[in-house]
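Residue-level structural notes
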Amino acid sequence: MELLVVVIISSVVSAIVGYFIDEGSGALWGFFLGPIGWIIAAILKGKSAPEPYSAYRWRDEQEVKPRLVNTPPTSPPVKVETFDRAKWKVLKEVDAEIRSASEQVSKLDPNLDAVLAEKYLALNDKQYLQSLTDVVVQAFEKKKAEEEAIAATFTTEARESAERSKKFYEMSLGADRMAPETGTRVEGVEIYDGSWVNFKGGIRVILEDGRNMLMNKSMRRDFAPGDDKWK
């Protein structure tokens with residue numbers, strides 16, 4: 001019995017000593033293995049200890065980290081002319097046919113003069129002047145026709161959208177044609193085709209009190225009585 005008490009006391013003392021070596025882990029090693037456990041706890045603690053974070057290490061890491069540099073925004077590329085502008089100017093002064101061709105394309109668009117100059121000076125042969133002029137004119141007219149076709153399609157779609165908006169809005173009017181947004185009597189609803197581009201394809205609501213409302217999908221703008229800026 002006395003031997004058991006001695007063993008228990010010895011184990012507890014060893015655990016306490018182990019705790020001071022490596023806290024919980026050291027206490028367990030010391031309790032079960034005594035002095036041998038202290039040695040094991042000391043070895044394991046040395047291996048698991050984190051590397052000290054010294055000022056020198058911090059400095060080294062800072063040097064390795066990439067530094068952000070404020071770089072100026074890149075400018076859009078500048079178009080470089082590929083023809084001799086001075087030579088083209090002289091040619092127009094001394095050659096009536098070249099001057100006439102330049103005037104012909106410039107009436108369509110002043111920028112076409114540079115297009116013709118670039119093409120003509122690339123060949124530098126008078127016999128191709130008329131053909132090159134025709135090419136420039138035809139390319140311009142084709143592009144213009146395509147743009148007009150797109151615009152016409154957009155106008156048609158906008159008109160159809162406005163007609164649908166007008167119909168739906170008139171269906172939403174209450175008794176005696178009261179505007180649901182304001183509670184004011186509506187005198188008329190028209191398809192809008194004025195200067196406010198964002199409201200084209202929408203409607204103009206004319207209210208009894210002299211106000212006008214432009215509406216297009218989720219957008220709405222009110223104009224006070226006498227304010228004709230909606231036009």
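Note that residues are indexed from 1 along each chain, following the sequence as it is written. In view of the model being predicted, local features appear only for residues whose pLDDT reaches at least 70, and side-chain atom pairs are presented and counted only at 80 or more, with totals across whole chains, interfaces and linings using the full set of residues. Hydrogens and water molecules were not included; the side-chain quantities draw on all heavy atoms of the structure.

Re helix H5 (residues 96-108)
Between its first and last C-alpha, H5 extends 19 Å over 13 residues, near the 18 Å set by a 1.5 Å rise per residue. Buried residues are those whose accessible area, probed at 1.4 Å on protein chains only, stays under 20% of the maximum for their type, while exposed residues exceed 50% and partly exposed ones sit between those limits. A run of H or I in DSSP counts as a helix once it spans at least four residues, and a run of E counts as a strand once it spans at least two, with each numbered from the N terminus. For H5, every residue scored as buried is listed here: Ile98, Ala101, Ser102 and Val105. Along the long axis of H5, the arc covered by the buried residues comes to 100°, so they all point the same way. Two N or O atoms count as a polar contact when they lie within 3.5 Å, although within protein this holds only if one can serve as hydrogen donor and the other as acceptor, and sequence-adjacent residues are included solely when both atoms are side-chain atoms. One side-chain oxygen at the N-terminal end of H5 lies 2.9 Å from the backbone nitrogen of Glu97; it belongs to Asp95. Each residue after the first adds 1.5 Å to the expected span of a helix. By construction, the arc corresponds to the directions joining the helix axis to the C-beta atoms.

Details of the nonpolar core
Definition of nonpolar core: a set of buried residues of the types Ala, Val, Leu, Ile, Met, Phe, Trp, Tyr and Cys, connected through side-chain atoms within 4.5 Å. Within the largest apolar cluster, 16 residues are counted, with the highest numbers of intra-cluster contacts made by Trp88, Leu91, Ile98, Val105, Leu116, Tyr120 and Leu121. Note on definitions: a residue-residue contact is assigned when non-hydrogen atoms from the two residues lie within 4.5 Å. Leaving out residues up to four positions away in the same chain, Leu116 has contacts with Trp88, Ala101, Ser102, Val105, Leu132, Thr133 and Val136. By size, the runner-up hydrophobic cluster in this structure holds 10 residues, among which are Val186, Val205, Leu207 and Met213.

Structural notes on the packing of aromatic side chains
Classification of ring pairs rests on two measures: the distance between centres of Phe, Tyr or Trp rings, Trp counted by its six-membered ring, which must be within 6.5 Å, and the angle between planes, read as stacked under 30 degrees, edge-to-face over 60 and tilted in between. For the coordinates displayed, the defined rule picks out 2 aromatic pairs. A centroid spacing of 6.0 Å and a plane angle of 55° characterise the contact between Trp88 and Tyr120, whose relative ring orientation is tilted. Here Trp88, found in helix H4 (residues 85-94), pairs with Tyr120, found in helix H6 (residues 112-123); they are 32 residues apart in sequence, far enough to count as distant. When the ring of Trp196 is compared with that of Phe223, the centres are 5.4 Å apart and the planes differ by 75°; the resulting orientation is edge-to-face. With Trp196 in the loop between strand S1 (186-191) and strand S2 (203-207) and Phe223 in strand S4 (residues 219-223), the pair connects residues that are 27 residues apart, well separated along the chain. Overall, the relative accessible area of 26% leaves Trp196 in the partly exposed class. Note on Phe223: relative accessible area 2%, which makes it buried.

A look at the sheet that holds S2
The pairing criterion is simple: DSSP has to find at least two bridges between the two strands. The strand order across the open sheet formed by 4 strands is S1-S2-S3-S4, and the pairing between neighbours is antiparallel. Only two strands of the sheet have a single neighbouring strand rather than two, namely S1 and S4. Across this sheet, the average inter-strand angle for adjacent strands is 20°, counted without regard to direction. Examined bridge by bridge, S1 and S2 share 5 bridges and lie antiparallel to one another. Pairing of Gly188 across the sheet is with Ile206, part of S2. Throughout, an axis means a line fitted to C-alpha atoms (over the contacting stretch in the case of helices), and angles, computed between N-to-C directions, take values from 0 to 180 degrees.

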